[in-house]
Amino acid sequence: MKYLAEYRDPELARRLLGELRAVATQPWAIMEVCGGQTHTLVRQGIDELLPAGIRMVHGPGCPVCVTPLEMVDKAVAIAGRPGVIFTSYGDMLRVPGTTGDLLGVKARGGDVRVVYSPLEAVRIAAEHPDRQVVFFAVGFETTAPANAMAVLRASRAGLANFSMLVSHVLVPPAITAILDAPDNEVRAFLAAGHVCAVMGFTEYEPIAARYRVPIVVTGFEPLDLLEGILMAVRQLETGRAAVENQYARAVRRSGNPAAQAAVAEVFEVTGRAWRGIGPIPASGLRLAGAFTDFDAETRFATGTIAVRENPECIAGAILRGTKVPTDCTAYRVRCTPRTPLGAPMVSSEGTCAAYHNAGRRPSTVEES
Amino acid sequence: MEVPADRPDLRTGTVDFGGVRRTVCLAYTPEAGVGDYVIVHVGFAITVVDEDEAARTLAVLRAMPGALETELGPAASAS
Amino acid sequence: MSEPASESSTAFSCPVPRTETEVVLLGHGSGGQLMAELLGEVITPALGMHGPLEDAAVLDLDRPEVVVSTDSFVVTPRFFPGGDIGSLAVHGTVNDIAMRGARPVALTLSYLLEEGLPLADLRRITDSVAAAAAAVGVPVVAGDTKVVGRGAADGIYLTTTGIGVRLPGAEVSAASGRPGDVVLLSGPIGRHGTAILAAREDLGFAGDLSSDSQPLHRLVAAMIAAGGPAVHALRDPTRGGLASALNELAAAASVAIEITESELPVPAPVASLCDLLGLDPLHVANEGCLVALVAPDRADAVLTAMRATPEGQQAQEIGRVGADPAGWVTARTLVGSSRIVDMLVGEQLPRIC
C-alpha cells in the first residue's frame, strides 16, 4: 500500500538508528502507548536494536487487554442467552473470563459472530428483528466514532433489538495514571497515532507541561517509530517537554471534528476500571442521554458478577510497563495464545502476544 | 463513491487497499474525494492522508546522513 | 514455580487443567500447534503411528515404492476465486503424493452430501474435479457417495485417497533436512487463505485475491530430475502457512532453519489484507506452492529447473538450514534483527484495531 512501504525502508531505518546512537548520551525510559506500536517494535526487533540505555516501556495501549474482567464475564453471560446474536471484534473472542471465553460459548452452540465493522452488527440486527443483537463495543478513541455511528444508525432505523455492551477507554487519563504512579520511571511518551487522528493532540499539552514529559504523536511503521523515538530523545537530551507530531501525514492538532462530534452526541465520559490497573476516573465512555436505551448492561440486567483473575497472571504489571512478559513464570509454559491466562496474550496488540509471536524467550532477553 | 445528497452520514466509498477493496463509510471525512488516500479503521475513514506532509517526512528521513557517515563520529551528523 | 528451564524444553507442559479441552475446537483443524497436539495426543498413538509425520506413506509392497495419502476437504465457501472444493481436492491430493517425491497414479473420491445441496452445485463441482484430474493426467478410479440429513453437514465434504509411485532417484522425507541445505520456495505465499477470507461475504473485502490452488507434481518431477537425492525434504505449506511447514521440517530433522523476511514473495493484495486484519502472511494457508530443503551443491541446478516450469517461475532461495538452535525457525527482519518464527497457535481471527 502506498504510504506504508516507504516507511519500512531498511536503509532509512539504519540511518535513524545511527542518528539515535549519536544523540543519546544517557539512559531514558520511553513508553509507547499503542498496542500496534508495541507489535511493530517487537516483531521487527526494533527495541533490541536501540542504543543501550534507551528502554521502550510497553504501555496499556491494547483495549482488548484492559477490558475489565467483569465486562468479559458479562459478555459471556449475555452471549450464552438463547436468542442472542453476540457480535464482536475478533480479538475479544479468546479473552479469558472467570469461567471461560466467548469462543467457548460459540463452541457450545451460542451464536457468536466476528464482525470487521460495527455497522455489520447493525445490519445483522436489521436482518433478524426477532433476535436480540448485541455488539461488544471495546476500544480507544479510535473506534468510538465507528461505534457512535452504529448507535446513530440503529436509532434512526428504530432497531429496538440492537444493543451495545460498552467498554470504551481514553488514553490521556491512562498516561496521567502511569505518571502518577510512585514507581514510575517513564520520562517520555509516544502517543498513539490513530487515536490522535481522531482526537487531535491538544489534550496532551497540559500533561506535557504539568509533568515535564515530551509527548510525540507517532505512527506505526518502523520508520515512524524510530523517528518518534528520535524526536523524544532529542527533547529529553535538551531538557524540553513539548508535544510534537511525528505522524503529521495523518494527524492534525485539532483532530477530526466530525468524528468527535458524533462521539460527543452518543457517549459521555465516565470512570472505568482498567483490567490489571484498576479504576481510573473519567477514563472511559458510556452511552448518554436517549442512547442509554441501547445499553446492553441495562437491557440484560446482568447484575454483579463475582470475578476471579488467574493468580499467576501479571497482566497488571505488563500493562503498567513495570514488567515484561519474559518476567512471567507462566509465559510460554502455561500461558500461550491458545491457552491464555490473561488478556495481553490474546490480542494481536497485547504485549505478551507480541513477545510470544516474535519468539521471545527468557534466555534470549538475558543474552542481550 | 456514493453520496446520497441529504444524508451526509451515509456517504460511502470504495477504498482500495493495495489491491484489496472494501466499502468504507466516509461520514467522518467529508473532504475526501476520489483519488485521496485515507486511514481506515473498522470500516470507517478517520482521516485523509496529507500527501505533502508524507513527502516532507520522507524527504527529511532521506536527507539524514548515511549509516557510514554517522559511524565516523558526532561531528559528521547533520543535526 | 519454575522458569522455563532452557530452549530445549519445547514440549508443552501444563499441570493446570485447561478449559475447553473436552470438545473439538475449530483451532484443532487449523494446521498449527493445536492440530499437532490433537494428532500427537489423541490420534497417532491410538492408531499405532510413530515417526515423523509425512505428507504420504510408503507402502511395503513387492514393487517400486508405492506411496499413498488421504485427505478431506471442507472449505467454505465452496466456490472461490481461483478454484472450488472440487479442484482443491484434486490438487491437494496430488500435492501430498508429490511431496513424497512421487508421481501420482490414481485418485479415489468420496462425497459426503448434505440433503438440500443444489444439484447444480454438485454438477459444477464434479465437472471441476474431472477437469482438474484430466489436466493432471490422473484418473479418479474409485469413489463413494453418502447423503446425510439437512444440517448434518455443511453442503458438501470431499475425501480423497491418492496413490503414487516414487520417482527414480527420489529420497524425500520430512526428516531429511541437513545443516547446509538451501531453503527454496516455489512461489508467492498467502494467496489461498486471503482469497478464502476475502470470499467470505461477512467481512466485505473484494479484490485481486485468488487462490493459488494448482498441482505441483510436474514441478517436483523437474526438481527430482535435476537434483535426485539432493532434494532432501519437500512440503506444501497448506493450513498453518509457511511458518508451520518450516517448523515441522525443522522439528522432524532436528535442524535450525533461518529465512530472510525481505526475500519472501508476498503479493501486494495479500500483504494488504494481512495488514488490515492483523494476520501474518507466514501463517496464511497456501495451496499451490512448496518449500524444499536441498543440498547446497545441487541447489542452483534445482532452482533453475524450478524456474523453467510454469508453477515454479517465481521460485527463489529464502534461507538456509543450520545446526543450531535445533528444531527452531528464525527470520531476519526488515530492519536487520532476528526473531523466532513459531507455528500457528490456534485459529486466526481478524483483529480489533
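Above this note sits the structure.
These notes cover the structure that comes with them. Computed from a predicted structure; not experimentally measured.

So, about the interface of chain A and chain B. Opposite the 42 residues of chain A that make contact, chain B presents 37 residues. The junction of chain A with chain B conceals about 3,400 Å² of combined surface from both sides, 64% of it contributed by carbon and sulfur atoms. Arg22(B) serves as the salt-bridge partner of Glu120(A), at 3.8 Å between the closest nitrogen and oxygen. Taken together, the links from chain A to chain B amount to 11 residue pairs in polar contact (both at pLDDT 80 or more). Residue assignment for the side of chain A that touches chain B shows that the elements contributing at least two residues are α1 (10-23), α7 (118-127), α8 (144-156), α10 (193-199), α12 (222-237) and α13 (257-266) of chain A.

Moving on, we get to the state of the cysteines. Residues and elements named next belong to chain A. The final tally for this structure, using the stated rule, is one disulfide over all chains. Through a disulfide, cysteine 62 is tied to cysteine 65; the S-S separation comes to 2.3 Å. Measuring the twist about the S-S bond at about 70 degrees, one finds the cysteine 62-cysteine 65 disulfide to be right-handed. Look at cysteine 65 and you get buried, because its relative accessible area is 1%.

Attention now moves to α13(A). All names here are of chain A. Turning to α13, its buried residues number three or more, namely Ala259, Ala262, Val263 and Val266. Looking down the long axis of α13, one finds its buried residues gathered within 100 degrees of arc, a one-sided arrangement. Away from its buried face by more than 90 degrees, α13 exposes Pro257 and Ala264. Where α13 is buried, its residues contact α8, α10, β10 (267-274) and β11 (278-287). At the N-terminal end of α13, a side-chain oxygen is found 3.1 Å from the backbone nitrogen of alanine 258, two or three residues along, and the residue is asparagine 256.

Next up on the list: the sheet that holds strand β11 (residues 256-260) of chain C. Residue and element names in this part refer to chain C. Overall, mixed pairing links the seven strands, which are arranged β10-β12-β8-β13-β11-β14-β15 in an open sheet. Taken across any chain shown, the strands that pair with only one partner, and hence form the sheet edges, are β10 (231-235) and β15 (338-340). The sheet shows a mean angle of 25 degrees between the axes of neighbouring strands, direction not considered. Examined bridge by bridge, strand β8 (residues 182-185) and strand β12 (residues 291-294) share four bridges and lie antiparallel to one another. Paired with valine 182 across the strands is valine 294, a residue of β12.

Rules used throughout
- Residues numbered from 1 in each chain as written.
- Chains lettered and ligands numbered in written order.
- Predicted model: local features only at pLDDT ≥ 70, side-chain atom pairs only at ≥ 80, totals over all residues.
- Heavy atoms only, no water.
- Contact = heavy atoms within 4.5 Å.
- Buried area = accessible area lost by both parts, 1.4 Å probe.
- Salt bridge = Lys/Arg side-chain N within 4 Å of Asp/Glu carboxyl O.
- Polar contact = N/O pair within 3.5 Å; in protein donor to acceptor, adjacent residues only side chain to side chain.
- Helix = DSSP H or I, 4+ residues; strand = E, 2+ residues; numbered from the N terminus.
- Disulfide = S-S within 2.5 Å.
- Buried < 20%, exposed > 50% of the residue type's maximum accessible area, 1.4 Å probe, protein only.
- Arc of directions from axis to C-beta.
- Pairing = 2+ DSSP bridges.
- Axes fitted to C-alpha atoms, helices over the stretch in contact; angles between N-to-C directions.

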